[in-house]
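Residue-level listing of the chains:
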Amino acid sequence: KFLQESVEQGRGGSMYISGNPGTGKTACLQSLIKQSEASFPSVLVNCVPLTKPGQVYEAILEALGASCGPDSALSQLEHLVFHSRAFLVILDEVDSLLGSRQEVLYRLFELAAHPQSRMALVGIANALDLTDRFLPRLQARNCEPLLLNFNPYQVKDIVEILQSRLNSVSREPIIQKAALELCARKVAATSGDLRKSLDVCRQAMEMAEAEHRRQAKDKENHDESQPKVTLMHIAKVLTNLNGSPTMQKLEALNFQQKLVLCAHLFLTASDKAKKLG
């Protein structure tokens with residue numbers, strides 16, 4: 001509906017999509033864009049590599065195929081917003097643009113909300129309350145985005161998606177139904193991250209295939225039957241992935257927290273090296 005009422009009609013607008021990692025936020029939006037009957041330019045900008053919030057202006061222009069210097073990026077983007085055909089900008093991991101005063105984010109949402117705007121803006125991040133906590137003045141400026149939250153996948157959802165993926169690969173069942181349900185239940189109970197469940201299945205299939213090859217080699221026969229993934233394979237992979245409580249805590253850290261931890265380890269190692277030297 002957002003796409004239909006904004007960029008497909010040649011108008012601007014903004015939306016903020018939140019949800020846990022692996023809940024299909026970006027993938028779902030890209031799928032809707034492909035299904036759209038209207039033709040409009042759309043660009044996806046990953047905000048994580050940007051070292052300064054203001055660099056996003058230049059990143060958007062480069063994604064649109066326009067080149068410019070950092071000093072004129074904002075003015076050129078404003079020109080496109082008001083004097084070009086409607087286009088869609090998707091800012092993935094938009095929380096990476098948070099700064100001391102949030103001037104960049106305020107400016108982007110204001111541009112999208114302008115009555116003459118041709119830019120539809122979609123920000124994507126994990127935090128549900130990002131706009132309330134860090135951009136409280138959006139409502140006062142009458143440029144508050146539409147909000148959409150993606151809930152974590154439930155067991156039934158994960159099983160259906162995994163089964164659909166498997167059916168597209170092979171007509172014969174590759175993974176036992178009970179093994180699929182075990183994978184789905186474990187992932188749904190922790191994070192609901194679909195990517196993790198896909199990774200579990202991939203590793204389990206590799207494990208089953210390796211075992212099948214070893215058994216065929218030991219028996220010196222040429223068994224061409226397809227290896228089956230059982231509960232045992234899924235359980236082993238889950239045990240290796242979950243590992244110790246320390247590993248679980250490390251995996252739960254967001255990107256910025258991991259950067260801080262890496263910097264701390266680097267500085268600690270440097271201090272030790274200086275003392276030894």
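One structure accompanies this document, and this report is about it. (Residues numbered from 1 in each chain as written. Predicted model: local features only at pLDDT ≥ 70, side-chain atom pairs only at ≥ 80, totals over all residues. Heavy atoms only, no water.)

**Focus: the side chain of T131**
Summarising the element assignment, T131 is placed in helix 6 (residues 130-134). Aside from chain neighbours lying at most four places away, what touches T131 is Y16, P136, P145 and L147. (Helix = DSSP H or I, 4+ residues; strand = E, 2+ residues; numbered from the N terminus. Contact = heavy atoms within 4.5 Å.)

**Some details on helix 2 (residues 25-35)**
Taken as a whole, helix 2 has its buried residues at K25, T26, L29 and I33. Viewed end-on, helix 2 has its buried residues packed into an arc of 90°, placing them on one side of the element. Across from the buried face of helix 2, at angles greater than 90 degrees, the exposed residues are A27, K34 and Q35. (Buried < 20%, exposed > 50% of the residue type's maximum accessible area, 1.4 Å probe, protein only. Arc of directions from axis to C-beta.)

**Examining the environment of V45**
The residue V45 is located in strand 2 (residues 42-46) in this model. Note on V45: relative accessible area 6%, which makes it buried. In this structure, V45 is in contact with A59, I60, A63, I90, L91 and D92, ignoring residues within four places of it in sequence.

**Structural notes on a nonpolar patch on the surface**
Judged by side-chain polarity, L250, L261 and L265 come together as a nonpolar surface patch covering roughly 230 Å² of accessible area. Following the sequence through the fold, L250 ends up in helix 11 (residues 245-252). By relative accessible area, L250 is classed as partly exposed at 34%. (Patch = residues over 30% accessible without salt bridge, like charges linked within 9 Å, V, L, I, M, F, W, Y side chains within 5 Å. Areas by Shrake-Rupley, 256 points an atom, 1.4 Å probe, with all protein chains shown as cover. Salt bridge = Lys/Arg side-chain N within 4 Å of Asp/Glu carboxyl O.)

**A few points about the side chain of D92**
The residue D92 is located in strand 3 (residues 87-92) in this model. Here D92 sits buried without a salt bridge, and the closest side chain of opposite charge, K25, lies 6.6 Å off (N-O distance). At 3.4 Å, the side chain of D92 forms a polar contact with the side chain of T26. With sequence-adjacent residues up to four places away left out, D92 is seen in contact with T26, L44, V45, N46, C47 and I124. (Lys, Arg positive; Asp, Glu negative; His and termini not counted. Polar contact = N/O pair within 3.5 Å; in protein donor to acceptor, adjacent residues only side chain to side chain.)

**Considerations on the sheet that holds strand 5 (residues 146-150)**
Here we have 5 strands laid out as an open sheet, ordered 2-3-4-1-5, and parallel in their pairing. In this open sheet, the two edge strands, each paired with only one partner strand, are strand 2 and strand 5. Here the strands of the sheet are splayed against their neighbours by 15° on average, with no regard to which way each runs. Relative to strand 4 (residues 119-125), strand 1 (residues 13-19) is paired through 6 bridges, and the arrangement is parallel. The residue bridging M15 from the neighbouring strand is V122, located in strand 4. Here helix 5 (residues 103-113) sits on the sheet in contact with strand 1, strand 3 and strand 4, set at roughly 140° to strand 4. (Pairing = 2+ DSSP bridges. Axes fitted to C-alpha atoms, helices over the stretch in contact; angles between N-to-C directions.)

**Considerations on the packing of helix 3 (residues 55-63) against helix 5**
Angle between the axes and distance between the axes are the two parameters that describe a pair of packed helices. It is at 10 Å that the axes of helix 3 and helix 5 come closest, and there the two elements cross at 45°. In terms of orientation, helix 3 and helix 5 fall into the oblique class. Contacts from V56, Y57 and I60 in helix 3 reach V104, R107 and L108 in helix 5. Across the contact of helix 3 with helix 5, the residue classes break down as 5 nonpolar, no polar and 1 charged. (Parallel < 35°, antiparallel > 145°, perpendicular 65-115°, else oblique. Nonpolar A, V, L, I, M, F, W, Y, C, P; charged D, E, K, R; others polar.)

**So, unusual backbone geometry**
One non-glycine residue, Q102, lies in positive phi territory at about 60°. Following the sequence through the fold, Q102 ends up in the loop between strand 3 and helix 5. A residue is classified by how much of its surface remains accessible, and Q102, at 9% relative accessible area, is buried. Positive phi, close to 60°, is recorded for N142, a residue that is not glycine. Summarising the element assignment, N142 is placed in the loop between helix 6 and strand 5. On the basis of relative accessible area, N142 is assigned to the exposed category, the value being 68%.

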